[in-house]
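Below, each chain spelled out in residue letters.
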Amino acid sequence: MKRMIVVLSIATACTTATGSNDRDSNPMQGTWSITGINYIYSDTTYRVTCTYPGRLIVDESKYSIMYNPYGTERESADTLSKMTDDEIKYAFKTIVFNSGSYEIIGQDFVTTADIAKVPGFEGGIQHYRIGTDNSKFSLTMYDETYPSGEKPEWFGNLEIQFLLNRN
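Residues numbered from 1 in each chain as written. Predicted model: local features only at pLDDT ≥ 70, side-chain atom pairs only at ≥ 80, totals over all residues. Heavy atoms only, no water.

I'd like a rundown of the packing of aromatic side chains, residues and numbers included.
Counting across every chain of the model gives eight aromatic pairs. Taking 6.3 Å as the distance between ring centres and 55° as the angle between the ring planes, the aromatic pair formed by Y128 and F162 counts as tilted. Taken together, the positions of Y128 in strand β6 (residues 125-133) and F162 in strand β8 (residues 159-166) put the pair 34 residues apart, joining distant regions of the chain. Here Y128 matches F162 in class, with each residue buried. Among the aromatic residues, ring-to-ring pairing joins Y63, Y67, Y102, F109, Y128 and F162 into one connected group. Positioned above the aromatic ring of F92, the side-chain terminus of K117 is 4.2 Å from the ring centre. (Phe/Tyr/Trp six-rings, centres within 6.5 Å; stacked < 30°, edge-to-face > 60°. Helix = DSSP H or I, 4+ residues; strand = E, 2+ residues; numbered from the N terminus. Buried < 20%, exposed > 50% of the residue type's maximum accessible area, 1.4 Å probe, protein only. Lys NZ or Arg CZ within 6 Å of the ring centre and 35° of its normal.)

Got a sec to walk through the nonpolar core? Specific residues and values, please.
Counting residues in each nonpolar core, the largest one holds 27 residues, and the members touching the most others are M28, I37, F109 and L164. The set of elements that each furnish at least two residues to this core consists of β1 (30-40), β2 (45-58), β3 (62-67), β4 (96-105), β5 (108-116), β6, β7 (136-145) and β8. Filtering out sequence-adjacent residues up to four positions away, L164 remains in contact with M28, W32, S33, I34, T35, L56, F137, S138 and L139. (Core = buried A, V, L, I, M, F, W, Y, C linked by side-chain atoms within 4.5 Å. Contact = heavy atoms within 4.5 Å.)

So what's going on with the pattern of salt bridges? Residues and values would help.
This structure, assessed with the given rule, holds two salt bridges. A salt bridge links R129 to E159; its shortest N-O distance comes to 2.6 Å. Residue R129 is located in strand β6, and its partner E159 is located in strand β8; the two are separated by 30 residues in the primary sequence. Take E159: its relative accessible area is 25%, and that puts it in the partly exposed class. Taking the shortest distance from any N to any O, the salt bridge between K151 and D143 comes out at 2.6 Å. The exposure class assigned to D143 is buried, which follows from its relative accessible area of 12%. (Salt bridge = Lys/Arg side-chain N within 4 Å of Asp/Glu carboxyl O.)

Break down the environment of R55 for me, with residues and values.
In this structure, R55 sits in strand β2. Along the backbone, R55 and L164 are 109 residues apart, and their C-alpha atoms lie at a distance of 8.8 Å. If we ignore the near neighbours within four places in the chain, the residues touching R55 are T31, W32, S33, I34, S64, I65, M66 and N167. A polar side-chain atom of R55 sits 3.3 Å from a polar atom in the side chain of S33. Engagement of the side chain of R55 in a polar contact is seen with the side chain of N167, the distance being 2.7 Å. (Polar contact = N/O pair within 3.5 Å; in protein donor to acceptor, adjacent residues only side chain to side chain.)

Could you give an account of the pairing of β5, with specific residues and numbers?
Note: β4 against β5, eight bridges, orientation antiparallel. If you follow S99 over to β5, its bridge partner there is I115. The turn linking β4 back onto β5 is made up of two residues, and G106 within it adopts a positive phi angle of 65°. Here β5 runs beside β6; their pairing, made up of five bridges, is antiparallel. Pairing of T111 across the sheet is with Q126, part of β6. (Pairing = 2+ DSSP bridges.)

Note that all results are geometric; they support no functional claim without further evidence.
See the structure below:
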């Protein structure tokens, strides 16, 4: 009986290790470094190389994204436990994060935030096009809808492309 349990345990472990990979059905699943950000307007693209990469984490049904929109390392406050108003403002401006659920609809990664940097965006929806080119991935955010149904000022004028490397 003990041998049977050991054999079944080994067989289960081997099946799990060599079985179908979730990435086959969902290529976005995994942990990604955000290595660059392109801010795309109709007449200009601003390219940011992330010397301090952000992170995108995607599992079966949830996502989390966090990054510095400037791509640089953030400056530390003089006293971490007692930040000045200017340091708080700087900290807020140099980090973006959202977390929640997602769906893949066609070639779109559609997120619904359940926690967000901006208070009130919980329940907001963002639409990203999934891009692949020579085994490199990108997500291009092209649409955002606030929980109220309103659109941001940038809608229709700006797309934000995140360049991703799998970790």
